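This is what each chain is made of:
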Amino acid sequence: MSTVALPNTDFKSQITVEDLRSLAARFNILLEAGSDEDAYLKLLQAAEAIYEHVETIDDYIHPDLVPVPTVNERRFWRPKPEDNPLNAWSHRTSLLAASPESNLLKGRSIAFKDNIAVGGLPTTIGTRSSLLSREGVDYPISTIDSTVVSRVLKAGATVKGTTTCETYSASTLSSTSFNGPVQNPWAYGYSAGGSSSGSGALIGSNEVSKLKGVSFGESIDMAIGGDQGGSIRLPAAYNGCYGMKATHGLIPYTGVMALSPMVDHVGPIANSLEDIALLLQVLAGYDGIDARMTAEAPLRNNVLDYPALLRESFAECDSLLSPPRSRLRVGLLKESFQIPGMDPRISDHVYSSAKQAFQEMGAQVVDVSVPMHKDGPLIWTAATRATMSDWGVAMQTPGYLSYHPPHMRLQWPPNQEMYEALSDTNPTVMNLVFCSTFLKEKYGPGIEAKSHRKVFQLRQAYDDALKQFDVLITPTTLGLASQHPELKREGKRTGIMERINPAIGLSSNTCPFNVTGHPALSVPCGFERDDETGQQLPVGMQIIGKRWDEKTVLKAAAFFQVGQQARDRRATAAVQSHL
């Protein structure tokens, strides 16, 4: 279909026939002089006129995204270093809805990853301001509340600010933000995981403060992160808290900076299962804007009461302890414990902890093989790499109706300043740019399309396993949190591979479930000692369920928690009996 439209404007195009010929030459096309050239030139000038017209007219703020009226004026500030010891805060604020619609989150404080639009606050996506706005001096201020921000405010929560995120949300480490590394609260100088690094560190600091009596400044009760390959679950694991990537499309992504629509997720990070369930209830449900949400997504009034379901699960746990007789079927995903680069301490720790805790509850725990899991990271990469920079760096719109954050104008095409800025902070982003151009020119869209078909095969492989089991279990990470890579040496930045190597493979057990869309929850699973420093660091275990079956994932997490506690009591009693 082709339509020629000319706006009512006096715009005079500067495009010449020579410009048209140069454009055609890029495709090795020689235009025939005369009527052909005249026609294509007129069509090109018409398109230019339309774009110039649209650029001058007022933008449109969707009524559902108009910032929620708050008690106080929306203002923000950059916290002082002494008030931000983990570098986990990006910008601070204090927002409370003037007329909340419910009290579900009354009295609770919350912060959002800094790729999520919070009305009246800057959005940094972890990079320098010159790459995000045409003025280049200040970070762009959001004119909207993303759907998740609006829902949290309307549920009565106090929004305390935005949290540091990794550059363009494209790192599994916590050392790439333009504002510097985010520190792990369990061990300064160690990674807090990425890309929702600040969110994970702030929530993890609550437990550290409780156990060690250390203050990290003002705390928050809950946080929201984003996850394209593990960026909620990895920080949760490294910081010793809970982090959930729900089924793709259960929670609206509207107003959040995309990295790739097929794998974009936003979700909760918290210190307790109860808070994960509560946030899930508040955030979930169709918003009428985000095309990631399909017919399977529930309407808001059909969202399950996850807190009530979790309470039922804990009540069931109490009835099972004597004698244990659960019907829960747990599959230990064999290939996930054998991923290249897996620290045997992590695989052994998660495997034995899962088996003992679930068996303590009387659950059936069996090894299960899904051979395609080994190819999951390859499929994730091939299905996203050629176009990820289109969405995440160039901020292009997909072919379906979408609503991008209107205040963001990312630098495109790349230039020398952009190259140097990203090579200094997160060279992974420049790699996405280079890969996109190379892969498109060499392979066209065929390999990416084939990879999308392989995603359906991978999804089916997990679905087949989940016909036998209620949940699947994997280690969340391949190892313990690592020390931050050295960023500078003798006043110069260290080599690109020195900074990228520590991140390679870290999301091998998490990213497959981004493409397949299955819900996955990282839960705390104890501690292991770092060989180099003797520091005790958290271990995370991942629970995967059927798509749209978050309630069973939460149930399994409850069983694991209670089973661990029962196992620990049994072990303590056994020791005391021998004293």
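Rules used in this analysis
- Residues numbered from 1 in each chain as written.
- Predicted model: local features only at pLDDT ≥ 70, side-chain atom pairs only at ≥ 80, totals over all residues.
- Heavy atoms only, no water.
- Helix = DSSP H or I, 4+ residues; strand = E, 2+ residues; numbered from the N terminus.
- Rg over C-alpha atoms; globule rule 2.2 N^0.38 Å.
- Buried < 20%, exposed > 50% of the residue type's maximum accessible area, 1.4 Å probe, protein only.
- Areas by Shrake-Rupley, 256 points an atom, 1.4 Å probe, with all protein chains shown as cover.
- Axes fitted to C-alpha atoms, helices over the stretch in contact; angles between N-to-C directions.
- Parallel < 35°, antiparallel > 145°, perpendicular 65-115°, else oblique.
- Contact = heavy atoms within 4.5 Å.
- Nonpolar A, V, L, I, M, F, W, Y, C, P; charged D, E, K, R; others polar.
- Core = buried A, V, L, I, M, F, W, Y, C linked by side-chain atoms within 4.5 Å.
- Phe/Tyr/Trp six-rings, centres within 6.5 Å; stacked < 30°, edge-to-face > 60°.
- Pairing = 2+ DSSP bridges.
- Patch = residues over 30% accessible without salt bridge, like charges linked within 9 Å, V, L, I, M, F, W, Y side chains within 5 Å.
- Salt bridge = Lys/Arg side-chain N within 4 Å of Asp/Glu carboxyl O.
- Expected span 1.5 Å × (residues − 1).
- Arc of directions from axis to C-beta.

Visitor: Can you walk me through the overall build of the protein chain in this structure?
Guide: For the protein chain, the count of helices and strands is 16 helices and 15 strands. Relative to the compact-globule value of 25 Å for 579 residues, the protein chain shows a C-alpha radius of gyration of 25 Å, a close match. Overall size of the protein chain, expressed as C-alpha extent along the three principal axes, is 100 × 60 × 55 Å. Within the span of the protein chain, comprising 579 residues, buried residues form 55% of the whole. Roughly 25,400 Å² of accessible area belongs to the protein chain as shown, and the carbon and sulfur atoms make up 53% of that amount.

Visitor: When you look at the packing of helix H11 (residues 416-425) against helix H12 (residues 427-443) in this model, what are you seeing that I'm missing?
Guide: When two helices pack together, their arrangement is given by the angle between their axes and by how far apart the axes lie. Two elements in contact, H11 and H12, have axes whose closest approach is 6 Å; the angle formed by their N-to-C orientations is 130°. When the axis of H11 is compared with that of H12, the two are oblique. Of the residues in H12, those touching H11 at Met418, Tyr419, Leu422, Ser423 and Thr425 are Pro427, Val429, Met430 and Phe434. A breakdown of the residues in the contact of H11 with H12 according to their chemical character gives 7 nonpolar, 2 polar and no charged.

Visitor: Just checking my understanding: could you explain the nonpolar core for this structure?
Guide: Across soluble globular proteins, you tend to see nonpolar side chains buried next to one another. Ranked by internal contacts, the top residues of the largest apolar core, which has 96 residues, are Phe112, Val152, Phe358, Ile473 and Met541. Apart from the residues lying within four places of it in its own chain, the contact partners of Phe112 are Val118, Val148, Val149, Val152, Val159, Gly161, Thr162, Thr163, Ser199 and Ile224. One finds Ala170, Ile379, Val393 and Cys511 within the second-largest nonpolar core, a separate group that totals 41 residues.

Visitor: Honestly, the environment of Ile251 in this entry has me stumped. Any pointers?
Guide: The topology assignment puts Ile251 in the loop between strand S7 (242-245) and strand S8 (265-270). Sequence separation between Ile251 and Thr147 is 104 residues; the distance between their C-alpha atoms is 9.0 Å. In this view, Ile251 contacts Val148, Ala246, Val266, Gly267, Pro268, Leu280, Leu283, Ala284 and Met293; residues no more than four positions away in its chain are not counted.

Visitor: Even after reading the chapter, I still don't get the packing of aromatic side chains, so can you show me in this structure?
Guide: Working definition: an aromatic ring pair is given by the centre-to-centre distance plus the angle between the planes. With the rule as written, the count across this model stands at 4 aromatic pairs. Measuring from centroid to centroid gives 5.4 Å for Phe337 and Tyr351, while their planes differ by 85°, and the two rings are edge-to-face. Here the residue Phe337 occupies a position in the loop between strand S9 (329-333) and helix H8 (344-360), and Tyr351 occupies one in helix H8, the gap between them amounting to 14 residues. Residue classification places Phe337 among the buried positions, given a relative accessible area of 12%. Of the residues examined, Tyr351 reaches a relative accessible area of 25% and is grouped as partly exposed.

Visitor: So what exactly am I meant to see when it comes to the packing of helix H1 (residues 17-25) against helix H2 (residues 35-56) here?
Guide: Viewed as axis vectors pointing N to C, H1 and H2 meet at an angle of 95°, and their least axial separation amounts to 10 Å. One element, H1, and the other, H2, form an angle in the roughly perpendicular class. Residue-level inspection shows Val17, Leu20, Arg21 and Leu23 of H1 in contact with H2, the latter providing Glu37, Tyr40, Leu41 and Leu44. For the contact of H1 with H2, the per-class residue count stands at 6 nonpolar, no polar and 2 charged.

Visitor: What's the story with the pairing of strand S6 (residues 222-227) in this structure? I'm lost.
Guide: Along a regular strand, successive side chains alternate from one face of the sheet to the other. Burial within S6 is extensive, with 6 of its 6 residues counted as buried. Alternating positions in S6 separate into two faces, Met222, Ile224 and Gly226 on one and Ala223, Gly225 and Asp227 on the other, with burial throughout. Here S6 pairs with S8 via 6 bridges, running antiparallel. Of the residues in S8, the one forming a bridge with Met222 is Ala270.

Visitor: Any chance you could explain the sheet that holds strand S11 (residues 471-475) here in plain terms?
Guide: Backbone-to-backbone hydrogen bonds pair the strands of a sheet. The strands run either parallel or antiparallel. The strand order across the open sheet built from 11 strands is S1-S3-S2-S6-S8-S7-S14-S15-S11-S9-S10, with neighbouring strands paired in mixed fashion. On the outer flanks of this sheet lie strand S1 (89-96) and strand S10 (364-368), each paired with one strand and no other. Neighbouring strand axes in the sheet, compared pairwise and without regard to direction, differ in orientation by 25° on average. Both S7 and S8 contribute to a ladder of 2 bridges, which runs antiparallel. By the bridge assignment for S8, Gly243 is matched with Ile269. Packed on one face of the sheet, helix H3 (residues 147-154) meets S1, strand S2 (109-113), strand S3 (158-163) and S8 and runs near 175° to S2.

Visitor: Help me understand the pairing of S1 in this model?
Guide: Of all 8 residues in S1, 6 are buried; the element is thus mostly enclosed. Alignment of S1 against S3, held across 5 bridges, turns out to be antiparallel. In the sheet register, Leu95 faces S3, and the bridge partner there is Val159.

Visitor: Would you explain a nonpolar patch on the surface in this entry?
Guide: Taken together, the side chains of Leu23, Phe27 and Ile29 make up a nonpolar region of the molecular surface, amounting to roughly 300 Å² of accessible area. Turning to its location among the elements, Leu23 is positioned in helix H1.

Visitor: Explain H2 to me, please; I cannot follow it from the model alone.
Guide: Each α-helix winds once per 3.6 residues, and so residues spaced three or four apart point in a common direction. The end-to-end C-alpha distance of H2 is 32 Å, a good match for the 32 Å that 22 residues give at a rise of 1.5 Å each. Turning to H2, its buried residues are Glu37, Leu41, Ala46 and Ala49. Across the axial projection of H2, the buried residues extend over an arc of 170°, all falling on one side. Buried residues along H2 sit against H1.

Visitor: Would you mind showing me how to read the pattern of salt bridges here?
Guide: Here the idea is simple: oppositely charged side chains can pair when their charged atoms come close. Summed over the entire model, instances satisfying the criterion amount to 25 salt bridges. The shortest N-O distance in the salt bridge between Glu18 and Arg21 comes to 2.6 Å. Of the two residues, Glu18 and Arg21 are both situated in helix H1; the distance of 3 residues between them amounts to about one turn of the helix. By relative accessible area, which is 45% here, Glu18 ends up partly exposed. Glu101 serves as the salt-bridge partner of Lys154, at 4.0 Å between the closest nitrogen and oxygen. With Lys154 in helix H3 and Glu101 in the loop between S1 and S2, this pair connects stretches of sequence that are 53 residues apart. With relative accessibility at 30%, the residue Lys154 sits in the partly exposed group. Within this structure, Glu18, Arg21 and Glu37 form a network of salt bridges that share partners.

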